[in-house]
Amino acid sequence: MKKRNPWIAICPGIKRQTLTSGKTMYQMLATLEPDSKMPAHQHSQEQIVHVLSGRMKLIVDGTPHEMKTGDSFYLAANIPHGVETIEETRVLATFSPPRDEYLAIDEANRQRK
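Residues numbered from 1 in each chain as written. Predicted model: local features only at pLDDT ≥ 70, side-chain atom pairs only at ≥ 80, totals over all residues. Heavy atoms only, no water.

**Student:** Is there a simple way to think about the sheet that holds strand 9 (residues 81-85) in this case?
**Tutor:** What links the strands of a sheet is backbone hydrogen bonding, and the strands pair in either a parallel or an antiparallel sense. Here we have four strands laid out as an open sheet, ordered 4-9-6-7, and antiparallel in their pairing. Every other strand in the sheet has two partners, leaving strand 4 (37-41) and strand 7 (63-68) as the edge strands with one partner each. Within this sheet the neighbouring strands show an average axis-to-axis angle of 20°, counted without direction. Pairing of strand 4 with strand 9 involves three bridges; the strand directions are antiparallel. (Pairing = 2+ DSSP bridges. Helix = DSSP H or I, 4+ residues; strand = E, 2+ residues; numbered from the N terminus. Axes fitted to C-alpha atoms, helices over the stretch in contact; angles between N-to-C directions.)

Below you can see the structure in the form of structure tokens.
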């Protein structure tokens, strides 16, 4: 059986775990504590955010979008976005192409153990 990837802190109150990746896609689970914030950022990957549980605001190019369990949102590449958590939230995020920097961090953490 394949070992699970480690949980990695992205910023205070927000952590992620790589679920799987391939040549053109990457998928992670993220847990967000209540009242946590991820500052606006952007990346070259397209992203789909799907809320598994909880509520949060996804702020896309300065415009807030309140999301709840079952909601999904598509983010084009290089669009500034951030998050404000309303309550404890779990998110499934899919990226294309893969987040190579996240995969490298996962590998570095596995090497330390």
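That was the structure; now back to the text.
**Student:** Mind showing me how you'd approach the sheet that holds strand 1 (residues 7-11) here?
**Tutor:** Strand order in the open sheet made by the six strands is 1-2-3-10-5-8, with antiparallel pairing throughout. Of all strands in the sheet, those bounded by a partner on one side alone are strand 1 and strand 8 (72-75). Each adjacent strand pair in this sheet contributes to an overall mean axis angle of 25°, direction not counted. Bridge count between strand 5 (residues 46-53) and strand 10 (residues 89-96): seven bridges; the pairing is antiparallel. Paired with isoleucine 48 across the two strands is threonine 94, which belongs to strand 10.

**Student:** What is the right way to look at the packing of aromatic side chains in this model?
**Tutor:** The relative placement of two aromatic rings is captured by the distance of their centres and the angle of their planes. A complete count under the given rule lists two aromatic pairs for this structure. With centroids separated by 5.8 Å and ring planes inclined at 50°, the aromatic side chains of tyrosine 26 and phenylalanine 95 adopt a geometry described as tilted. Linking tyrosine 26 in strand 3 (residues 26-32) with phenylalanine 95 in strand 10, this pair joins segments that are 69 residues apart in sequence. For the pair shown, tyrosine 26 and phenylalanine 95 are each scored as buried. Among the aromatic residues, those joined into a ring-pair cluster are Tyr26, Phe95 and Tyr102. (Phe/Tyr/Trp six-rings, centres within 6.5 Å; stacked < 30°, edge-to-face > 60°. Buried < 20%, exposed > 50% of the residue type's maximum accessible area, 1.4 Å probe, protein only.)

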